[in-house]
Amino acid sequence: KNQVEQSPQSLIILEGKNCTLQCNYTVSPFSNLRWYKQDTGRGPVSLTIMTFSENTKSNGRYTATLDADTKQSSLHITASQLSDSASYICGGRLGGGNKLTFGTGTQLKVEL
Amino acid sequence: DAGVTQSPTHLIKTRGQHVTLRCSPISGHKSVSWYQQVLGQGPQFIFQYYEKEERGRGNFPDRFSARQFPNYSSELNVNALLLGDSALYLCASSLVQTASYEQYFGPGTRLTVT
């Protein structure tokens, strides 16, 4: 069972619409949780980083929320643009050690 | 300032061969981590190096090895390639060892094993 589960697996929305992506993690202890945007064939680019004491963080049209009690996070994208089409990966420093653990991502497609 | 750079961008190898992938971190960053990303999956941690020493290793066979040089650049070596090694190999650099800090990913090396 993956330590980080993301949903939905894929999503298609119309340009200008909002959407919310979900991330659940099961590993403790928890140090930080991050959302990345990854264009096809490229490396992930960080959108937000949250520690356990933060429950929301925004980066432009991207807003991430975190509930450390339920081990759930969400990424809300407002007024989507065609350039938002990408894979959105949730992950972070979960458990011991210095590695980052990632989910499998949500593939978002924004259409006209 | 240049970001994380990786070379080559694409590579095609045959089963059983050996491959070396290279990574140059952001200037001033001393920690380099390697990840394997199979198509449709999230990145999987392979190694972390800090100050030229291995500081973490993921669940990968001994065919995978890495090293970090005095200038903090790094190489990932994979021996006896298998079809399943086909993936995007990502390098990430950070200022210090602790994963609480921001990690910046390079564009990756796409390895295809035939």
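Definitions and limits used
- Residues numbered from 1 in each chain as written.
- Chains lettered and ligands numbered in written order.
- Predicted model: local features only at pLDDT ≥ 70, side-chain atom pairs only at ≥ 80, totals over all residues.
- Heavy atoms only, no water.
- Core = buried A, V, L, I, M, F, W, Y, C linked by side-chain atoms within 4.5 Å.
- Buried < 20%, exposed > 50% of the residue type's maximum accessible area, 1.4 Å probe, protein only.
- Helix = DSSP H or I, 4+ residues; strand = E, 2+ residues; numbered from the N terminus.
- Contact = heavy atoms within 4.5 Å.
- Phe/Tyr/Trp six-rings, centres within 6.5 Å; stacked < 30°, edge-to-face > 60°.
- Lys NZ or Arg CZ within 6 Å of the ring centre and 35° of its normal.

Participant: Which residues make up the nonpolar core, and what values do they have?
Facilitator: In this structure, Tyr25, Leu33, Trp35, Leu75, Ile77, Tyr88 and Leu108 of chain A are the most contacted members of the largest nonpolar core, which totals 23 residues. Contributions of two or more residues to this core are made by strand E3 (19-25), strand E4 (30-38), strand E5 (45-51), strand E7 (62-67), strand E8 (72-77), strand E9 (86-94) and strand E11 (106-111) of chain A. Apart from residues lying up to four places away in sequence, leucine 33 of chain A is in contact with Cys23, Tyr25, Thr48, Ile49, Met50, Ser73, Cys90, Gly91 and Gly92 of chain A. Counting 22 residues, the second largest nonpolar core, distinct from the first, contains Ile26, Trp34, Ala87 and Cys91 of chain B.

Participant: Give a description of the packing of aromatic side chains that names residues and reports values.
Facilitator: Here the structure, examined in full by the defined rule, presents nine aromatic pairs over all chains. Look at tyrosine 35 of chain B and phenylalanine 45 of chain B: their rings are 5.8 Å apart centre to centre, the planes differ by 70 degrees, and that puts the pair in the edge-to-face class. Highlighted residues: tyrosine 35 of chain B in strand E4 (residues 31-37) and phenylalanine 45 of chain B in strand E5 (residues 44-50), separated in sequence by ten residues. On the basis of an interplanar angle of 55 degrees and a centroid distance of 5.5 Å, the ring pair of tyrosine 35 of chain B and phenylalanine 105 of chain B is categorised as tilted. Note that tyrosine 35 of chain B is positioned in strand E4 and phenylalanine 105 of chain B in strand E10 (residues 104-105), a separation of 70 residues in sequence. Accessibility classification places tyrosine 35 of chain B together with phenylalanine 105 of chain B in one group, the buried group. Through successive ring pairs, a cluster of aromatic residues spans Tyr36 and Phe102 of chain A together with Tyr35, Phe45 and Phe105 of chain B. Stacked on the ring of tyrosine 62 of chain A, the Lys or Arg arginine 61 of chain A has its end atom at 5.7 Å from the ring centre.

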